[in-house]
Amino acid sequence: MKLRLLALLALLLPAPALADSLVDNVNGITLDKDGKVIRFTGLVIDKDGKVVRLLDRKDKRPERPDFKVEGKGRTLMSGMIDAHGHVMALGFQALVLDLAPARSLAEAQKMIADYARANGNRTWIIGRGWNQEAWGLGRFPTNAELDAAVADRPVWLERIDGHAGWANSRAMAMAGITAKTVSPPGGRIEKTGAQPNGVFVDAAATLIAKFVPAPQPRERDLALAKAQQLLLSYGITTITDMGSSIDDWQAYRRAGDGDTLKLRILAYAAGVDAMVMIAGSGPTPWLYGDRLHLGGVKLYLDGALGSRGAWLKQPYTDAPKERGQPIVSGTQLSNLMSRAAKDGFQVAVHAIGDQANAQLLDSIGELAETYKGDRRWRIEHAQIVDPADLPRFGRNGIIASMQPVHATSDRLMAEARLGPDRLAGAYAWQSMLKMGAKLAFGSDVPVEDPNPFVGIAAAITREDAKGEPFGGWLPQEKVSREQALAGFTIGGAYAGFAEDRIGSLMPGMRADFILIDTDPLLATPAEIRAITVRETWVGGRPVYSRK
Ligand SMILES: [Zn+2]
């Protein structure tokens, strides 16, 4: 009896050392919790996919590992964490027809016809990215020209800037569009004479768009699979999903239940209602071996700088009558934040303009008096901050969740919107760190390319891919290589209350790592930009390998 009990106990005990896996002969790099670089040449992983120990060249290797991977001297790093992205939007964008490469109307028509033929089971043909300027057309395309490509099913194609849509006759008939249809405020129906001719600008686009059927669960699953494949190929092992809907969450759960969730998703619900629907009265448990967790809510305070929706303290330099506006009042914002915080949810708020950031800092200051303890209030983007407000980022445990690539792609636009005198607190990564804010880096994918190495290169140079401007834009805001790496690893983990699970390869952490050919701590910025990932591992298992 006693023996049988012992045997049973043995089964319950952790696997013995000989069941470990070994990844050997690597140029291993990780950061410890304090951001210090730790180098190693071997990695021992247990059966649960956690790091057991890091090995130096002289350390003894396990004698009979279950599994051994020969690293061939390649660089092995912690998997990248994208602290702000949109998983399903990326997947859907990758699934629909992309017309951006078309160089003429005829080329676009051929692409549309081919796509419709290859997707015979789709009731609507959906796409994006057309640009009549690039076609040298000198006018918008028409419904008749779209009918020439596909006439048997409705087609709806968004223009490259998202500000217009192009419909075929079938789609227009389904939406009941006739010569009598009136353009809604803020929109315009393009016409030939009195007849609508296929293009619907701005608010008029909803006349058609509202008839496009919502994606079915099967399509959502396909989009999630596509997004996972893309993100893992860039070495992203965890993404923070900023604004998950109940439909998104259900797709993540289906993937988890079906064992097809390879990526880790830190979800923030799209508003308080979605938060309650998904999680009820508090953050969800960590599901599927730490692959899915909803810990907080995403709220919006203002819009974006490009469309002058960012809420500024002073008018826009290039539109002196505008200064953007808040989406909710200060009181409404505090109420929403409070609603989440009282049930222990983490709060992440989108704030881009300097007035939005100031308002949000006020709200956080006020709420921090009620909701004490480790709250990690997240400010998403924190793009334009009045230098006078910067020190406030160092109080109340605030996390500045920022996207390095935005600084390089927004530079000229930001200068036009703000003029030269308001840039001192723009995309101010180094100032945030100096003030004591915690920094987490991401891409805002699919707004930007999710490649974290492009993000790291932007963070350390503040130059774009062409090396402009030489020496970097507002170069005092560059961060070091170690700080940039921290932003994409331990910083992102900390921002999601996940620093005891992911972001580092210290013993006890999940073995999420990538194998690459270049050491980003030694390479030039151009070499860092060019890094491609050979292999991506999540929880000690390979999930991506470059062909
Ligand atoms: Zn976003």
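Shown above is the structure to which this text applies.
Residues numbered from 1 in each chain as written. Predicted model: local features only at pLDDT ≥ 70, side-chain atom pairs only at ≥ 80, totals over all residues. Heavy atoms only, no water.

*Asks:* So, the side chain of R422: which residues are in play, and what are the values?
*Replies:* Structurally, the position occupied by R422 is in the loop between α12 (404–418) and α13 (429–435). Of the side chains bearing the opposite charge, D354 lies closest to the buried R422, which forms no salt bridge; the N-O distance is 5.0 Å. At 3.0 Å, the side chain of R422 forms a polar contact with the backbone oxygen of Q314. Leaving out residues up to four positions away in the same chain, R422 has contacts with L312, Q314, P315, Y316, T317, D354, I384 and R417. (Helix = DSSP H or I, 4+ residues; strand = E, 2+ residues; numbered from the N terminus. Buried < 20%, exposed > 50% of the residue type's maximum accessible area, 1.4 Å probe, protein only. Lys, Arg positive; Asp, Glu negative; His and termini not counted. Salt bridge = Lys/Arg side-chain N within 4 Å of Asp/Glu carboxyl O. Polar contact = N/O pair within 3.5 Å; in protein donor to acceptor, adjacent residues only side chain to side chain. Contact = heavy atoms within 4.5 Å.)

*Asks:* A description of the nonpolar core should follow, citing residues and the corresponding values.
*Replies:* Counting 101 residues, the largest nonpolar core has M337, W377, F393, M432 and F453 as its most contacted members. Among the elements that take part in this core, helix α11 (residues 354–370) stands out by supplying 6 residues, more than any other. Not counting residues up to four positions away in its chain, the partners in contact with M337 are L299, V347, V349, L360, S363, I364, L367 and W377. One finds A102, A108, A149 and V150 within the second-largest nonpolar core, a separate group that totals 21 residues. (Core = buried A, V, L, I, M, F, W, Y, C linked by side-chain atoms within 4.5 Å.)

*Asks:* If you had to explain the coordination of the zinc ion to someone new, which residues and values would you point to?
*Replies:* On the protein side, the zinc ion has H84 (NE2), H86 (NE2) and D444 (OD) as donor atoms, found 2.1 to 2.2 Å from it. Counting along the primary sequence, the residues that act as donors to the zinc ion give the motif H-x1-H-x357-D. Residue H84 is classed as buried on the basis of its relative accessible area, which comes to 0%. H86 gets classed as buried once you look at its relative accessible area, which sits at 17%. (Donors = N, O, S within 2.8 Å, 3.2 Å for Na, K, Ca; no water.)

*Asks:* Please give an account of the environment of A151 that cites residues and values.
*Replies:* By the secondary structure assignment, A151 is in the loop between α4 (143–147) and β9 (155–159). As for A151 and A113, which are separated by 38 residues in sequence, their C-alpha atoms are 9.6 Å apart.

*Asks:* Residues and numbers for the packing of helix α9 (residues 272–279) against helix α10 (residues 330–341), please.
*Replies:* Relative to each other, α9 and α10 sit at 10 degrees, their axes nearing to 10 Å. Considering their axes alone, α9 and α10 lie roughly parallel with respect to each other. Like other packed secondary-structure pairs, α9 and α10 cross with a definite hand, here left-handed. Contacts from V272, M275 and V276 of α9 reach α10 at L336, R339 and A340. Here the contact of α9 with α10 is built from residues that sort into 5 nonpolar, no polar and 1 charged. (Axes fitted to C-alpha atoms, helices over the stretch in contact; angles between N-to-C directions. Parallel < 35°, antiparallel > 145°, perpendicular 65-115°, else oblique. Left-handed = near helix turned anticlockwise from the far one by under 90°. Nonpolar A, V, L, I, M, F, W, Y, C, P; charged D, E, K, R; others polar.)

*Asks:* Got a sec to walk through the sheet that holds strand β12 (residues 195–202)? Specific residues and values, please.
*Replies:* Taken in spatial order, the 6 strands make up an open sheet running β7-β8-β9-β10-β12-β11, and their pairing is mixed. Edge strands, defined here as strands with exactly one partner in the open sheet, are β7 (97–98) and β11 (187–192). (Pairing = 2+ DSSP bridges.)

*Asks:* Break down the packing of aromatic side chains for me, with residues and values.
*Replies:* Aromatic ring pairs are reported here in terms of the distance separating the ring centres and the angle at which the planes meet. Applying the stated criterion to the full structure yields 9 aromatic pairs. Here Y427 and W473 contribute two aromatic rings whose centre-to-centre distance is 5.6 Å and whose plane-to-plane angle is 55 degrees, an arrangement assigned as tilted. Here the residue Y427 occupies a position in the loop between α12 and α13, and W473 occupies one in the loop between α14 (452–461) and α15 (481–487), the gap between them amounting to 46 residues. The buried category is assigned to Y427, whose relative accessible area is 1%. With a centroid separation of 6.0 Å and 75 degrees between ring planes, the pair formed by W429 and F441 is classed as edge-to-face. Placement of W429 in helix α13 and of F441 in strand β19 (residues 438–441) is noted, with a sequence separation of 12 residues between them. Overall, the relative accessible area of 0% leaves W429 in the buried class. Note on F441: relative accessible area 0%, which makes it buried. Joined through ring pairs, the aromatic side chains of W130, W135, F140 and W166 make up one cluster. If you follow R378 out to its NZ or CZ, it ends over the ring of Y268, 5.0 Å from the centre. Geometry around Y494 places K438 over its ring, the cationic atom sitting 5.0 Å from the centre. (Phe/Tyr/Trp six-rings, centres within 6.5 Å; stacked < 30°, edge-to-face > 60°. Lys NZ or Arg CZ within 6 Å of the ring centre and 35° of its normal.)

*Asks:* Go over α10, please, and point to the residues and values.
*Replies:* Between its first and last C-alpha atoms α10 spans 16 Å; for 12 residues at 1.5 Å apiece the expected length is 16 Å, and the two agree. Residues of α10 that are buried sit in contact with α9, β15 (292–300), β16 (346–351) and α11. (Expected span 1.5 Å × (residues − 1).)

*Asks:* Quick rundown of the sheet that holds strand β13 (residues 236–244)? Include the residues and the values.
*Replies:* The strand order across the open sheet formed by 8 strands is β6-β13-β14-β15-β16-β17-β18-β19, and the pairing between neighbours is parallel. Where the open sheet ends on each side, the last strands, each with one partner, are β6 (80–85) and β19. Averaged over all adjacent pairs, the angle separating strand axes in this sheet is 25 degrees, with direction ignored. Packed onto the sheet, α9 meets β13, β14 (264–270) and β15 and runs at close to 165 degrees relative to β15.

*Asks:* Give a detailed account of the pairing of strand β2 (residues 37–45), specifying residues and quantitative values.
*Replies:* Of all the 9 residues making up β2, 7 are buried; the element is thus mostly covered by neighbouring parts of the structure. Bridge analysis of strand β1 (residues 21–31) against β2 gives 8 bridges, and the strand direction is antiparallel. Paired with L22 across the bridge in β2 is V44. Hairpin connection, β1 to β2: the antiparallel pair is bridged by 5 residues, and G35 has positive phi, about 85 degrees. Inspection of the sheet shows β2 paired to strand β3 (residues 51–55) by 4 bridges, in the antiparallel sense. Within β3, the position partnered with V44 by the bridge is R53. Where β2 folds back on β3, the antiparallel hairpin that results is connected by 5 residues, among which G49 adopts a positive phi of roughly 80 degrees.

*Asks:* Give a detailed account of the pairing of β15, specifying residues and quantitative values.
*Replies:* With respect to burial, β15 is a largely interior element, 8 of its 9 residues being buried. Of the strand pairs in this sheet, β14 and β15 are connected by 6 bridges, and their pairing is parallel. Bridging from a neighbouring strand, L266 pairs with H293 of β15. Handedness of the β-α-β unit built from β14, α9 and β15 comes out right-handed. Across 5 bridges, β15 lies against β16 in parallel orientation. Residue pairing across strands places V297 opposite V347, the latter belonging to β16. Taken together, β15, α10 and β16 form a β-α-β motif whose crossover is right-handed. (Right-handed = clockwise from strand over helix to strand, strands pointing away.)

*Asks:* Account for unusual backbone geometry, naming residues and giving values.
*Replies:* For the peptide bond that leads from V445 to P446, omega is 10 degrees, which places it in the cis range. Relative to the helices and strands, P446 resides in the loop between β19 and α14. For the peptide bond that leads from E468 to P469, omega is -10 degrees, which places it in the cis range. Summarising the element assignment, P469 is placed in the loop between α14 and α15. In this structure, D290 is a non-glycine residue whose phi angle is positive, near 65 degrees.

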